[in-house]
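Coordinates in review
Listed below are the residues making up each chain.
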Amino acid sequence: MKSKIRNTTVIAVKHKGKVAMGADGQVTLGNSIILKKGARKIQRLYKGNVLAGFAGSTADAFSLLERFEGKLEEYRGQLKRAAVELAKEWRTNKVFQRLEALLVVADRENIFIISGSGDVIEPDDGIAAVGSGGAYALASARALIRYADLEAVEVVKKSLEIASEICVFTNSEIITEEL
């Protein structure tokens, strides 16, 4: 049986005029081996104006991030257009169809989740989360936005901290970026 590398929790939040994205740093092999605790799973792209985070196979995600960065260049930073074009290519290209990852991308205006099945999903509430702890981080962020007076980056950090207390594939080595 092949062991899958599992990683991670990524969350993006648009709140109070800012967009923040964060991810934990844990990379896990199978169900029991932590390979790395401080991996960087979010990046700034397109002149620092776009944030991108990934969950899933690391090698696959890096291939997708590279491809997405090319789409951003091709479409001069138009996030939605670049996301749609990447999703189309990912769904139709036989080599890319085998890639196992999800991307969360954001600029100052938009947040999208991009999947290999051709989905480009814009969340209704300005919060997107993926990965093994994504549902925990999403629920936490929604509660924090409703009931606490926090900035976007604080919501991201606290949501990831909460997810790390519940999900064994998420740790508290958190990296954030803000636009």
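Worth saying up front: this structure is predicted, and the values here are computed from it rather than measured. (Residues numbered from 1 in each chain as written. Predicted model: local features only at pLDDT ≥ 70, side-chain atom pairs only at ≥ 80, totals over all residues. Heavy atoms only, no water.)

Overview of the overall build of the protein chain
Selection rule: Where helices and strands are cited, they refer to DSSP runs of H or I of at least four residues and of E of at least two residues respectively, numbered from the N terminus. As defined in this context, the radius of gyration uses C-alpha atoms, and a globule is described by 2.2 Å times the residue total to the power 0.38. Exposure is judged per residue with a 1.4 Å probe applied to protein chains only, and the accessible area is read against the type maximum: over 50% gives exposed, under 20% gives buried, and values in between give partly exposed. By definition in these notes, contact holds between two residues if any of their heavy atoms fall within 4.5 Å. Only the protein chains shown count as cover for residues, with accessible areas throughout obtained via the Shrake-Rupley method and a probe of 1.4 Å. Positive charges come from Lys and Arg, negative ones from Asp and Glu, while His and the chain ends are left out of the count. Charged side chains are reduced to one point each, which is NZ for Lys, CZ for Arg, CG for Asp and CD for Glu.
If you tally the helices and strands in the protein chain, you get four helices and twelve strands. In terms of overall size, the protein chain behaves like a compact globule, its C-alpha atoms giving a radius of gyration of 15 Å where 179 residues would be expected to give roughly 16 Å. Principal-axis analysis of the C-alpha atoms places the extent of the protein chain at approximately 45 × 40 × 25 Å. Relative to its full complement of 179 residues, the protein chain shows a buried share of 49%. When contacts within the protein chain are restricted to residue pairs at least 6 apart in sequence, those whose partners lie at least 24 apart make up 61%. Carbon and sulfur atoms form 48% of the exposed surface of the protein chain, whose accessible area is close to 9,000 Å². Averaging the locations of the 26 positively and 23 negatively charged side chains of the protein chain gives two centres separated by 4 Å.

Description of the pattern of salt bridges
Defined as follows: Here, a salt bridge means any side-chain nitrogen of Lys or Arg that lies within 4 Å of a carboxyl oxygen of Asp or Glu.
Evaluation of the coordinates by the stated rule reveals ten salt bridges. When the shortest N-O distance is used, the salt bridge between Glu89 and Lys71 registers 3.0 Å. With Glu89 in helix α2 (residues 79-92) and Lys71 in helix α1 (residues 58-74), this residue pair connects regions lying 18 residues apart in the sequence. The burial state of Glu89 is the same as that of Lys71; both residues are buried. Across the salt bridge formed by Glu85 and Arg81, the nearest N and O atoms sit 3.7 Å from each other. Linking Glu85 with Arg81, this pair stays in helix α2, spanning four residues, or about one helical turn. Classification of Arg81 by relative accessible area gives partly exposed; the value is 41%. Shared partners join several salt bridges into a network, and the residues in it are Lys16, Asp149 and Glu151.

Some words on the sheet that holds strand β9 (residues 111-114)
Using the following cut-off: In this analysis, strands are considered paired if DSSP registers two or more bridges between them. Axis definition: a line fitted to C-alpha atoms, limited for helices to the stretch in contact. Angles are taken between N-to-C directions and run from 0 to 180 degrees.
Pairing is antiparallel across the open sheet formed by five strands, whose spatial order is β6-β7-β8-β9-β10. Each edge of the sheet is formed by a strand with only one pairing partner; in this case those strands are β6 (42-45) and β10 (120-121). Sheet topology places strand β8 (residues 101-106) next to β9; four bridges connect them, and they run antiparallel. Considered in β9, the bridge of Leu103 is made with Ile114. Contacts from α1 reach β6, β7 (50-56), β8 and β9 within the one sheet, and its direction differs from that of β7 by about 155 degrees. This element, α2, spans β7, β8, β9 and β10 of the sheet and lies at about 5 degrees to β9.

Observations regarding the nonpolar core
Nonpolar side chains tend toward joint burial in soluble globular proteins. Going by this rule: Residues enter a nonpolar core if they are buried and are Ala, Val, Leu, Ile, Met, Phe, Trp, Tyr or Cys, with the set joined through side-chain atoms within 4.5 Å.
If you look at the biggest cluster of nonpolar residues, it comprises 23 residues, and the most contacted ones within it are Phe68, Leu72, Leu103, Val105 and Ile114. Only β7, α1, α2, β8 and β9 provide two or more residues apiece to this core. At six residues, the largest contribution of residues to this core is made by α2. Aside from chain neighbours lying at most four places away, what touches Leu103 is Gly53, Phe54, Leu64, Leu65, Leu86, Phe112, Ile113 and Ile114.

Let's talk about the pairing of β9
Of the two faces of β9, the one lined by Ile111 and Ile113 and the one lined by Phe112 and Ile114 are each fully buried. Connecting β9 to the antiparallel partner β10 that follows it, the hairpin turn spans five residues, and Gly118 within it adopts a positive phi of roughly 95 degrees.

Regarding the sheet that holds strand β11 (residues 127-131)
Two pairing modes exist for strands in a sheet, parallel and antiparallel, and in both the strands are linked by backbone hydrogen bonds. Taken in spatial order, the four strands make up an open sheet running β11-β2-β3-β12, and their pairing is antiparallel. Looking at the sheet topology across the chains shown, the edges are occupied by β11 and β12 (175-178). The sheet shows a mean angle of 10 degrees between the axes of neighbouring strands, direction not considered. Of the pairings in the sheet, the one linking strand β3 (residues 18-23) to β12 comprises four bridges and is antiparallel in character. Within the sheet, the bridge partner assigned to Ala23 lies in β12 and is Ile175.

Some thoughts on α2
Counted only if it meets this: Helix span is expected to be 1.5 Å times the residue number reduced by one.
Between its first and last C-alpha, α2 extends 20 Å over 14 residues, near the 20 Å set by a 1.5 Å rise per residue. Among all positions in α2, only Leu79, Ala82, Ala83, Glu85, Leu86, Ala87, Glu89 and Trp90 are buried. For α2, the elements touching its buried residues are β7, α1, β8, β9 and β10.

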